[in-house]
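Residue-level structure breakdown
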Amino acid sequence: MNKPKMAAEKSASRVLMLLSQLERLNEDHKVSNNDAIRQITGKILHLLQTQEKTRKEVTSKGSGGMEVILSSLENAQDLQTTLNILAILNELLTVGGGRRTGVFVSKGGTAILLQMLVSSSKNPPANEELMLHIHTLLVKVGPKDRKFGVKSRLNGALNVTLNLVKHNLQNHKLLLPCLQVLRVYSSNLVNAVSLGKSGALEIMFEIIGPFSKKSTTLMKYVVSVLCVCSSGMNARRAVDRGYLPTLLSIYQDWHRHDTRHRHVVIRKSILACIKNLTNIKLGRKAFIDANGMRILYNTSTECLAVRTLDPLVNTSSLIMRKCFPKNRLPLPTIKSVFHHPLPHIAAGGPVAQLYNQPPGVDDVVDEIFSKDLLTPKPDESPLELDSISISKRPEGTADHDLVCSLGRLVVDAGVNGGSVDGLQDEGGEQAVLEVPDTAALLPLHDPDLYLEMVKSTRSVPAYTEVAYPDYFGHVALNLREPILERVYGVQRTKIFQDIERLIHSSDILDKVVYDLDNQSCPVIDNGESLKFNSKFESGNLRKAIQVRKFEYDLILNSDINSNHYHQWFYFEVSNMRPGVRYRFNIINCEKSNSQFNYGMQVLMYSVQDAINGSPHWVRTGSDICYYKNHFSRSSIAAGGQKGKSYFTLTFTVTFQHKDDVCYFAYHYPYTYSMLKMHLQKLSALRTAQIYYRQDDLCETLGGNSCPLLTITAMPESSSNDHISQFRSRPVVFLSARVHPGETNSSWVMKGTLEFLMSCSPQAQSLRESYIFKIIPMLNPDGVINGNHRCSLSGEDLNRQWQSPNAELHPTIYHAKSLLQYLRATGRTPLVFCDYHGHSRKKNVFMYGCSIKETVWQTNANTSTCDLQEDLGYRTLPKLLSQMAPVFSLSSCSFVVERSKEATARVVVWREIGVQRSYTMESTLCGCDQGKYKGLQIGTSELEEMGAQFCLALLRLRRYTSPLELQNHNSHLLDTENDLIDTRGIPNITSPTTYVLEEDEPAFLEEVDYSAESNDENDPDLEPDLQDNLALLDPSSDSEFSRQDSVN
């Protein structure tokens, strides 16, 4: 039973005895012991090959075995002894040799091997067996030695191995380990460059060849060496020698013959070589000249059906996208089609830079801004509505052809003194518009009233048409619309279709079917193309190009007096065929990513459906994705950055009705005229218990009024107690829609206003608790003219709150003045909230302000640890997380970033002294938590959020002390401290801030999203009081003259 164990112990002790003898022989330099050393090393090798335990004994702690073996290797004087020792090392480092390899490296074994390699090469011809052993060991040791690349270069081993490869091209036994070592050498970038200069590329191309079932392992290492050595500085050398066409031919041959896909690694390595060579401009040109686009397109198309070949498809896609010739955006200038003269242009500002470019310079192809591209200045007088015939649709009547019977809904401006009927069909005769009866479902919508509101709305293009969805109205869907599940591979499919444009250029129509830049030039219509229109309030579509029979490239207009911010779209489509899949590509998007990649769909409104009793905006579109395209952005358009590209939003739609008129929008449209209509309808809801007043905060640059609302409860009587209670109510200041493209903020505001004007006991209690000062639309001009982010000044108004200009930023200037007036009269708001929309995150959440987390901005000497801060700013978000199903507390942030210091939230917090100063962000997409998890957000959920905000304010009153209600400082009752969960508050101890990352998971498919577009930001303002800014006052403005304590 014990004999095997005893034998193992004897062998172990024997190997240690042999090592001891070897050590003594190494120390005795006076006597030649070559024969003895040869015999001992041979015996040790035999023991290692037959007894596994002896390997552990040799490298065990304290044995000193590795040192003895390495010393013997250094002192070996005959070939057989050297081969024995190398074989011993090979045995030690082969099985389970990870730790042993580390011991070998730590004892200087790498340097000994490299020195032996170099010294052996000095006496040609080198012994093949010796070189084989050395390189076999280097393959094992190199990846474990962090300084292997440097050691090999300093010892001069690179060229030794390379020469061995060069002279042993047919000797595969030696060639393979040499190639493996070259691969390890070249993992060091300096070594890779050095090998390239020494001719490694030329040698590799002597070995590499077409498909062969023999020596596939050799081929794998050849292409891996070639891949590394062809990068960086060697790429130019490889391209100059014409290797790129060779690689394409080799790849094509391996693709054609590897039908069972057993050699995907080799094929992928060849693609990686091609990818390296196309990193330089000459490489991309050579790739195009060698017909590389067609070759990779064809091979990739054949691989699409096999999921395991995705690495080949993805790499090919990256190469083709990189080599796709950069195209110029098909526009005369990227500046907006429309222009609005400003009172003055600040020197050095964005507008000055835009229009003070040198002659011959443009932001697309460096052309100067051309005045003849601009639309004439609108009439100074409001538009007048002469006549329009409207009738309710009789029950049971048949559908009419929309194109013929509806024509266009036109507001007549009385051009040239002529009277033009508001609604005409194509034959010029007056048509009757069948209006769906939605009054029961939309109590705040009235088509007639909407047209009245449109009459006084001033737009820069002087719009005379009205979009049907705005006229008919939108009824929220009863059905839930789930977030669209992304189809695997959809992006690369779309990219391949884009690449087909270059490969099959003869199939491309490239027909302009809509163009605001050339409105005087009629579009030739053969009846086969879709018809587009965006010449209505909030519309945005600049150009439509028919690329294929059922595919269209769409270009959005820049914000007025700007050359960027392409995101909001709202346009009309007609002349479609039912049952046909139409692809739409919006090709000049700027952001580097979008919720369209995470399940968001575009919105569509069908006029035919509306007339049939379904006036809904519905989420639509399939095969939706958002990716970087081949249209380049000039450095002027990209803020001085070169090499930037635009992004494409693509979606596919199948229309249901023949000759329908459909509208597409980025989000649920909410126009300025719609706001005016809603406010007039809301004012009609006022009762004797409701105080409601609407004033004009100011007039905008475009000549439109900016409404200011005051809502509270009337005092119960004129008694002193009731008047005192009336005057002591804290102020809540709300605003929305500073960014025109964030229409969801208007729908949230609509929900807030409707709740405040309702007759419910909770609404009455809320009105009795607060005085609401509300600016429902801070940027009317931007909304009217279809801007995404800016006002007519060409600036983001939510970056002007620190020092607003009364002429350029009137709404911000007067809003801030009102806030300063409230503070000066002791009425500092208890809560300030600016409603926004967020394009990259889900749910609804808040940004607040914490002094402890932003003490670095105050220039105070107080350390963050010593600073005491009340947590009252967290109460409202906490309440909302408990009450509103779409609200996410985990997405909230209370850090003030430097880039946001000129926004409304930060300026109101810092300058006005409002602790509870927030930006409330609503998703454009949907929710990933709570009741609506997995659903896209609709107008009903947004309006519900607005109402829930009101209920949270009502609960906030219960958690707020009477002292705070008067002084508006941060003193909370103990009950509030119980409510707030402080565990989630980050401990900021340095002048840095954390920034919320995008909270979306990675895609299953490997895609290239370069973060090339700058993200956008948010709002804030400054003083000069205006007496006519009406504060609330049922009897006289003096009722607020009593100065309350501000401290």
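Residues numbered from 1 in each chain as written. Predicted model: local features only at pLDDT ≥ 70, side-chain atom pairs only at ≥ 80, totals over all residues. Heavy atoms only, no water.

**So, the overall build of the chain**
In terms of helices and strands, the chain carries 37 helices and 22 strands. Considering the chain as a whole, with its 1047 residues, one finds that 58% of them fall into the buried category. Here the contacts in the chain between residues at least 6 apart in sequence split such that 79% fall between residues at least 24 apart. If you sum the accessible surface of the chain, you get close to 42600 Å²; carbon and sulfur atoms cover 49% of it. (Helix = DSSP H or I, 4+ residues; strand = E, 2+ residues; numbered from the N terminus. Buried < 20%, exposed > 50% of the residue type's maximum accessible area, 1.4 Å probe, protein only. Contact = heavy atoms within 4.5 Å. Areas by Shrake-Rupley, 256 points an atom, 1.4 Å probe, with all protein chains shown as cover.)

**Remarks on unusual backbone geometry**
Look at Ala462: it is not a glycine, yet its phi comes out positive at around 55°. Position of Ala462 among the secondary structure elements: in the loop between helix H23 (447-455) and helix H24 (468-472). Classification of Ala462 as partly exposed rests on a relative accessible area of 30%. Backbone geometry places Ser538, a non-glycine residue, at a positive phi of 70°. Positionally, Ser538 belongs in the loop between strand S6 (531-533) and strand S7 (543-548).

**Focus on the packing of aromatic side chains**
For the structure shown, the criterion picks out 35 aromatic pairs. Aromatic pair Phe655 and Phe664: ring centres 6.0 Å apart, planes at 70°, arrangement edge-to-face. Take Phe664: its relative accessible area is 0%, and that puts it in the buried class. Their ring planes at 75° and their centres at 5.5 Å tell us that Phe845 and Tyr847 sit as a pair that is edge-to-face. Since its relative accessible area comes to 11%, Tyr847 is described here as buried. Site record: aromatic cluster; members linked through ring pairs are Phe532, Phe550, Tyr552, Phe569, Phe571, Tyr582, Phe584, Phe596, Phe651, Phe655, Phe664 and Tyr666. Across from the ring centre of Phe845, 5.7 Å away, lies the NZ or CZ of Lys841, which sits over that ring. (Phe/Tyr/Trp six-rings, centres within 6.5 Å; stacked < 30°, edge-to-face > 60°. Lys NZ or Arg CZ within 6 Å of the ring centre and 35° of its normal.)

**Description of the sheet that holds strand S17 (residues 705-713)**
Strands sit in the order S16-S17-S19-S18-S20-S22-S21 across an open sheet of seven strands; the sheet is mixed. Edge positions in the open sheet fall to strand S16 (690-699) and strand S21 (844-847), since each of these has one partner strand only. Between one strand axis and the next, the sheet turns by 20° as a mean value, whatever way the strands run. Note that S21 and strand S22 (residues 916-923) share four bridges and pair antiparallel. Opposite Met846, over in S22, you have Met920 as the bridge partner. Lying over the sheet, helix H29 (residues 744-756) contacts S17, strand S18 (731-736), strand S19 (771-775), strand S20 (831-838) and S22, oriented at roughly 140° with respect to S20. Helix-sheet contacts for helix H30 (residues 761-769) involve S16, S17 and S19, and the interaxial angle to S17 is about 100°. (Pairing = 2+ DSSP bridges. Axes fitted to C-alpha atoms, helices over the stretch in contact; angles between N-to-C directions.)

**Some thoughts on the side chain of Ser888**
By secondary structure assignment, the location of Ser888 is in the loop between helix H33 (875-883) and helix H34 (904-912). Side chain to side chain, Ser888 and Ser890 meet in a polar contact 3.1 Å long. Those residues in contact with Ser888 that sit more than four places away from it in its chain are Asn843, Val844, Phe845 and Gln929. (Polar contact = N/O pair within 3.5 Å; in protein donor to acceptor, adjacent residues only side chain to side chain.)

**Here's the deal with the sheet that holds S6**
Across the sheet, which stays open at both edges, the five strands sit in the order S6-S9-S15-S11-S12 with antiparallel pairing between neighbours. On the outer flanks of this sheet lie S6 and strand S12 (617-620), each paired with one strand and no other. Looking at each pair of strands side by side, their axes are set apart by 30° on average, direction ignored. Where S6 lies against strand S9 (residues 570-574), three bridges are found, and the strand directions are antiparallel. The residue bridging Asn533 from the neighbouring strand is Glu572, located in S9.

**Quick notes on the pattern of salt bridges**
Counted by the stated rule, this structure contains 30 salt bridges. Residues Asp310 and Arg307 are paired through a salt bridge, measuring 3.5 Å at the closest nitrogen-oxygen approach. Overall, Arg307 belongs to the exposed group, its relative accessible area being 53%. A cluster of three or more residues bridged by salt bridges with shared partners is formed by Asp498, Glu500, Arg501, Arg548, Glu551, Asp553 and Arg583. (Salt bridge = Lys/Arg side-chain N within 4 Å of Asp/Glu carboxyl O.)

**A look at the confidence of the model for the chain**
Mean pLDDT over the chain works out to 82, with 80% of the residues at or above the 70 mark. Within the model, the stretch residues 413-432 combines pLDDT values under 50 with 41 contacts to residues more than four positions away or in other chains. Here residues 968-1047 is modelled with pLDDT under 50, and outside its nearest four sequence neighbours on either side it reaches 255 contacts, counting other chains as well. (pLDDT = per-residue confidence, 0-100.)

**Regarding the UniProt feature "active site" (unreviewed entry) in the chain**
Feature annotation in UniProt assigns "active site" (unreviewed entry) to the following positions: Glu921. Checked against the element boundaries, Glu921 lands in strand S22. Looking at Glu921, the relative accessible area reads 3%, which means it is buried. (UniProt positions renumbered as here; feature names shortened; annotations may be inferred.)

**Some points on the environment of Leu79**
Note on placement: Leu79 falls in helix H5 (residues 79-92). Taking C-alpha positions, Leu79 is 9.9 Å from Glu129, a pair spaced 50 residues apart along the chain. In contact with Leu79, not counting residues within four places along its chain, are Asn127 and Leu130.

**A closer look at the packing of H29 against helix H35 (residues 939-958)**
Where H29 contacts H35, the two axes come as close as 7 Å, and the packing angle between them is 50°. The angle between the axes of H29 and H35 places the two elements in the oblique class. The crossing of H29 and H35 is right-handed. Each of Asn744, Trp747, Val748, Lys750, Gly751, Thr752, Glu754, Phe755 and Leu756 in H29 lies in contact with H35, whose residues at this interface are Thr939, Leu942, Glu943, Met945, Gly946, Ala947, Cys950 and Leu951. Of the residues assigned to the contact of H29 with H35, the class counts are nine nonpolar, five polar and three charged. (Parallel < 35°, antiparallel > 145°, perpendicular 65-115°, else oblique. Left-handed = near helix turned anticlockwise from the far one by under 90°. Nonpolar A, V, L, I, M, F, W, Y, C, P; charged D, E, K, R; others polar.)

**A word on the state of the cysteines**
Enumeration according to the criterion identifies zero disulfides in this entry. The closest cysteine sulfur to the non-disulfide-bonded Cys229 is located on Cys227, 9.3 Å from its own sulfur. Looking at Cys229, the relative accessible area reads 0%, which means it is buried. (Disulfide = S-S within 2.5 Å.)

**Thoughts on the packing of helix H2 (residues 34-50) against helix H3 (residues 52-59)**
Put simply, H2 and H3 touch, their axes get as near as 5 Å, and they point 120° apart. The orientation of H2 with respect to H3, classified from their angle, is oblique. Two secondary-structure elements touch here, H2 through Leu47, Leu48 and Thr50 and H3 through Glu52, Thr54, Arg55 and Val58.

**Some words on the nonpolar core**
Counting residues in each nonpolar core, the largest one holds 137 residues, and the members touching the most others are Phe532 and Phe584. Ignoring sequence-local partners within four residues, the contact set of Phe532 consists of Val513, Tyr514, Leu541, Ala544, Tyr552, Leu554, Phe571, Glu572, Val573 and Phe584. Counting 112 residues, the second largest nonpolar core, distinct from the first, contains Ile88, Leu89, Ile266 and Tyr297. (Core = buried A, V, L, I, M, F, W, Y, C linked by side-chain atoms within 4.5 Å.)

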